[in-house]
Number of protein chains: 2
Amino acid sequence: MNDLKRLYQRYQVEIEREVTSTLRSGWWLNGAMGKKFAANFAGFIGVSDCVLVANGTDALELALAAAVGRNGARGRGVITAANAGGYASCACWHNDLVPHYVDIDAASQLISVSSVLAAASTDTAAIVVTHLYGGVVDVGALKSALAEAGLSHIPIVEDCAQAHGARIGGRVAGSLADVSTFSFYPTKNLGAAGDGGAILTSDPAIAEHVRRLQQYGWVSKYHVGVPHGRNSRMDEVQAAVLDVFLRDLGDRNERRRAILGRYKSAARRRLQFVEGGDGAVAHLAVALCDERDAFRIFMKEHGVDTEVHYPVLDCDQVGWAGLPMKGTEDLVVTRASVNRLCTVPCYPDMTYDEVGQVCLALAQWEAM
Amino acid sequence: MNDLKRLYQRYQVEIEREVTSTLRSGWWLNGAMGKKFAANFAGFIGVSDCVLVANGTDALELALAAAVGRNGARGRGVITAANAGGYASCACWHNDLVPHYVDIDAASQLISVSSVLAAASTDTAAIVVTHLYGGVVDVGALKSALAEAGLSHIPIVEDCAQAHGARIGGRVAGSLADVSTFSFYPTKNLGAAGDGGAILTSDPAIAEHVRRLQQYGWVSKYHVGVPHGRNSRMDEVQAAVLDVFLRDLGDRNERRRAILGRYKSAARRRLQFVEGGDGAVAHLAVALCDERDAFRIFMKEHGVDTEVHYPVLDCDQVGWAGLPMKGTEDLVVTRASVNRLCTVPCYPDMTYDEVGQVCLALAQWEAM
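Everything quoted here is computed from the prediction, not taken from an experiment.

## A few points about helix α1 (residues 4–25) of chain B
Okay, step 1: For α1 of chain B, which comprises 22 residues, the first-to-last C-alpha distance of 27 Å sits more than 12% below the rise-based estimate of 32 Å (1.5 Å per residue).
Okay, step 2: At Gln12 of chain B, α1 of chain B shows its strongest bend, of approximately 75°.
Okay, step 3: The set of residues buried in α1 of chain B consists of Leu7, Tyr8, Ile15, Val19, Thr22 and Leu23 of chain B.
Okay, step 4: Tucked into the core, α1 of chain B has its buried residues touching α1 (4–25) of chain A together with α2 (32–45) and α9 (236–246) of chain B.
Okay, step 5: Of the residues flanking the end of α1 of chain B, it is Gly26 of chain B, one or two places downstream, whose phi is positive at about 75°.

This is the structure:
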């Protein structure tokens, strides 16, 4: 689905120079390279603060903790979608918050703004909107609707783990709400050579709270000022890698969009590719498909691997059955979609021939 | 206190070969290098299973979760010392467990076996023993005493974050209890070029539970089988670095012990260096000192930096004042020690002259 060797080879000289220089500095955590990348990434997204953490799930957990102010919110609901792999749900439970699932829009597979509105109440501690597959939730519309309903105090967390550089209405995903979170898992649009994550905000109070939470709640070394901290830092080496990749993120996103565009042209009848909006960045090429199992076998026979993102809804995970959750009865579109989802390969380092092979297979499936 | 550049330069050729080879493989998480280091480290400690995680605090949290089986233990006590920097306390609260602080032995600054015994009850969910400063808690004696008291079912977690390769009675710290945890923070006796941690055990059920918890509770990709999971993995690059350093850990521990031995010879009257036992590995050279502030100024004037590990007891941290805890009234030795602790530089890459300079300053302080 994604050959990271090709990505690496393209940037090998520069990465090895930056990585060895970082290693030789002897400063491997909380150093100058992390500061540099954090500043560059904050500038790229268009916010004042970027806090680097260990991974995207930690980012969600700490952002949520800082956004809601944990003690007063214990047991309250966090509105989110059930189709985004479970990372936001994990973050809720680690904060003693209760995921409150709402339905999605069929065409985009993104959380439905009207469903969020219908579910939001004084019990709502926060809303997590995931810009799934590279598509972008209309956070502006959500904010207007919340304001109209007298609920503009509810913090919104943008989960941008699949949407580095995505845009809507000229604004960049990650700058639209109170706080946003990113994962830099290697296969992401912007990925490290290992795990990494970040929390971005222009709210200095949230930034400060997150900075404390990511190192045990310290206000200064060994002095704990806020509860519920943990250890979640990004290695300097990974910041060095990310700073190299960041420069080409825009070009690489364009390449993803072009590949997905070709797939969409090849398949319009039996497959519906998910539509993430004009500024979407095609993190994954996901289609809805009525005969998914047959389609996957067909593609395999034509030399194309497929995947499912994600096969199980958060509310249906066996291991989470005993945990508190709300809203599971109203997920009509979510439930109608989950068994029809199929992901085909889409990453910037695919060759022209490989993309052509996928297009040909898609066209043959459509013609059957 | 610790010049990591010197460490790096000593191993530079080998590390850069291993790191670039790992980067070039394109396999940056959950790969062959992690497997190799985990097997080597499990062999070194003498257990069957080693699970690599993101850092030592996560290791404590996940080991505790797996050892106690979280749901039944919610709200129960975890016996631990209050002088070990707070990492075990963090891990307790993230598992909805309550730190139950007990006193330490004055000479070793390690958790007191008799205090553990006096505190242990049917309410006790687990015991965390921290092999502080490189000294080793007598886990064998603790186990015998617990068995005699009919409490051998209480799981014991060894926190070995400061005791890589330490021994007691011929056995290696980390192999003495039900499960053990390690941090590979760069300044540790075995440290990565960034964050890393590990959980070691010879109990296959604990190992399996931890493996699930460290990736969202997955029993297979995207399928959650157990609750309370998170993301906590070690990057392949860090495993590559650690595998290089592991080979010389024994020699480097000997060097630390020799340095601490020289300090002890130089200072026996006004300073009492902490005695961690015959198999201790001198992670830190910590002394008890009645006039600590004066001593630190004196050392600074003689060109020697000092530190305090740790300046604030867990039970006295301002940020944790509202969290549940027990046993805070009975910490006579712990409280008598905390304002007398002082750490002087001790790491294997110190030069002969630097060690001599510390010894001279210590001798002059003693002579005053």
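## Here we look at the relation of the copies chain B and chain A
Okay, step 1: Least-squares fitting of chain B to chain A yields an RMSD of 0.0 Å, with the superposition described by an axial translation of 0.0 Å and a rotation of 180°. Read as a symmetry element, the transformation amounts to a two-fold axis.
Okay, step 2: Most of the interface of chain B is mirrored in chain A, where 100% of its interface residues again form contacts.

## Here's the deal with unusual backbone geometry
Residues and elements named next belong to chain A.
Okay, step 1: Here the bond from His309 into Tyr310 is cis, since omega is 0°, no more than 30 degrees from zero.
Okay, step 2: Along the polypeptide, Tyr310 turns up in the loop between α11 (292–301) and α12 (332–338).
Okay, step 3: We note that Tyr216 has phi near 65°; this positive angle belongs to a residue other than glycine.
Okay, step 4: For Tyr216, a count of 26 C-beta atoms within 10 Å gives the class buried.

## Details of the sheet that holds strand β13 (residues 285–289) of chain A
Residue and element names in this part refer to chain A.
Okay, step 1: One open sheet accounts for 3 strands, arranged β12-β13-β14; its pairing is antiparallel. In this open sheet, the two strands that pair with only one neighbour each are β12 (271–273) and β14 (341–344). Each adjacent strand pair in this sheet contributes to an overall mean axis angle of 35°, direction not counted.
Okay, step 2: Here β13 pairs with β14 via 4 bridges, running antiparallel. The residue bridging Ala287 from the neighbouring strand is Cys342, located in β14.
Okay, step 3: Of the strands in this sheet, β12, β13 and β14 are in contact with helix α10 (residues 249–266), which crosses β12 at around 155°.

## A short note on the domain arrangement of chain A
Residue and element names in this part refer to chain A.
Okay, step 1: Annotation of chain A at the domain level lists domain 1 (4–246) and domain 2 (249–367).
Okay, step 2: One C-alpha centre belongs to domain 1, the other to domain 2; they are set 23 Å apart.
Okay, step 3: On the domain 2 side, the residues contacting the 38 residues of domain 1 number 35 residues.
Okay, step 4: Counting residues per element, the ones that place at least two in the side of domain 1 that touches domain 2 are α1, α5 (87–94), β3 (98–101), β6 (167–168) and α9 (236–246).
Okay, step 5: In terms of residue count, β3 provides more of the side of domain 1 that touches domain 2 than any other element does, 4 residues in total.
Okay, step 6: When grouped by side-chain class, the residues that make up the side of domain 1 that touches domain 2 number 20 nonpolar, 14 polar and 4 charged.

## What to know about the pairing of strand β3 (residues 98–101) of chain B
Residues and elements named next belong to chain B.
Okay, step 1: Side chains Val98 and His100 project from β3 onto one buried face, and the interleaved Pro99 and Tyr101 project onto a second face that is buried too.
Okay, step 2: The pairing of strand β2 (residues 77–80) with β3 spans 4 bridges and is parallel. What sits directly across from Ile79, in β3, is His100.
Okay, step 3: At this point the chain moves from β2, through helix α5 (residues 87–94), to the parallel β3, and the crossover so formed is right-handed.

## Notes on the interface of chain B and chain A
Okay, step 1: Contacts between the two partners involve 49 residues from chain B and, on the opposite side, 49 residues from chain A.
Okay, step 2: The class makeup of the residues in the side of chain B that touches chain A is 23 nonpolar, 16 polar and 10 charged.

## Examining the environment of Asp330 of chain B
Okay, step 1: Checked against the element boundaries, Asp330 of chain B lands in the loop between α11 (292–301) and α12 (332–338).
Okay, step 2: Separated by 215 residues in sequence, Asp330 of chain B and Ser115 of chain B have C-alpha atoms that sit 9.5 Å apart.

## Some thoughts on the confidence of the model for chain A
Okay, step 1: Averaged over chain A, the pLDDT score is 97; the fraction of residues at 70 or greater is 99%.
Okay, step 2: Interface confidence for the predicted complex, given as ipTM, is 0.97, next to a pTM of 0.98.

## Observations regarding the sheet that holds strand β13 (residues 285–289) of chain B
Residues and elements named next belong to chain B.
Okay, step 1: What the 3 strands build is an open sheet, ordered β12-β13-β14; its pairing is antiparallel. Of all the strands in the sheet, just β12 (271–273) and β14 (341–344) have a single pairing partner and so form its edges. The average angle at which neighbouring strand axes cross in this sheet is 35°, direction not considered.
Okay, step 2: With 3 bridges connecting them, β12 and β13 associate as antiparallel partners. Residue pairing in the sheet places Gln272 in a bridge with Leu288 of β13.
Okay, step 3: Sheet strands in contact with α11 are β13 and β14, and its direction is about 15° off that of β14.

## Re helix α8 (residues 204–213) of chain B
Okay, step 1: When we look at burial in α8 of chain B, the residues that qualify are Ile206, Ala207, His209, Val210, Arg212 and Leu213 of chain B.
Okay, step 2: Lining the buried residues of α8 of chain B we find β1 (49–53), α3 (56–68), β8 (179–183), β9 (197–201) and β10 (218–220) of chain B.

## Here's the deal with the packing of α1 of chain A against α1 of chain B
Okay, step 1: Axis separation between α1 of chain A and α1 of chain B bottoms out at 11 Å; the angle between their running directions is 155°. Considering their axes alone, α1 of chain A and α1 of chain B lie roughly antiparallel with respect to each other. Relative to α1 of chain B, α1 of chain A is oriented so that their crossing is right-handed. In this structure, α1 of chain A contributes Tyr8, Ile15, Glu16, Val19, Thr20, Leu23 and Arg24 of chain A to the contact, and α1 of chain B contributes Tyr8, Ile15, Glu16, Val19, Thr20, Leu23 and Arg24 of chain B.
Okay, step 2: Across the contact of α1 of chain A with α1 of chain B, the residue classes tally to 8 nonpolar, 2 polar and 4 charged.

What counts, and at which threshold
- Residues numbered from 1 in each chain as written.
- Chains lettered and ligands numbered in written order.
- Predicted model: local features only at pLDDT ≥ 70, side-chain atom pairs only at ≥ 80, totals over all residues.
- Helix = DSSP H or I, 4+ residues; strand = E, 2+ residues; numbered from the N terminus.
- Expected span 1.5 Å × (residues − 1).
- Bend = angle between axes of the 7 residues up to and from the residue.
- Buried ≥ 20, exposed ≤ 12 C-beta atoms within 10 Å, placed from the backbone.
- Contact = placed C-beta atoms within 7 Å.
- Least-squares fit on C-alpha atoms with pLDDT ≥ 70 in both.
- Pairing = 2+ DSSP bridges.
- Axes fitted to C-alpha atoms, helices over the stretch in contact; angles between N-to-C directions.
- Domains from an automatic or database assignment.
- Nonpolar A, V, L, I, M, F, W, Y, C, P; charged D, E, K, R; others polar.
- Right-handed = clockwise from strand over helix to strand, strands pointing away.
- pLDDT = per-residue confidence, 0-100.
- Parallel < 35°, antiparallel > 145°, perpendicular 65-115°, else oblique.
- Left-handed = near helix turned anticlockwise from the far one by under 90°.

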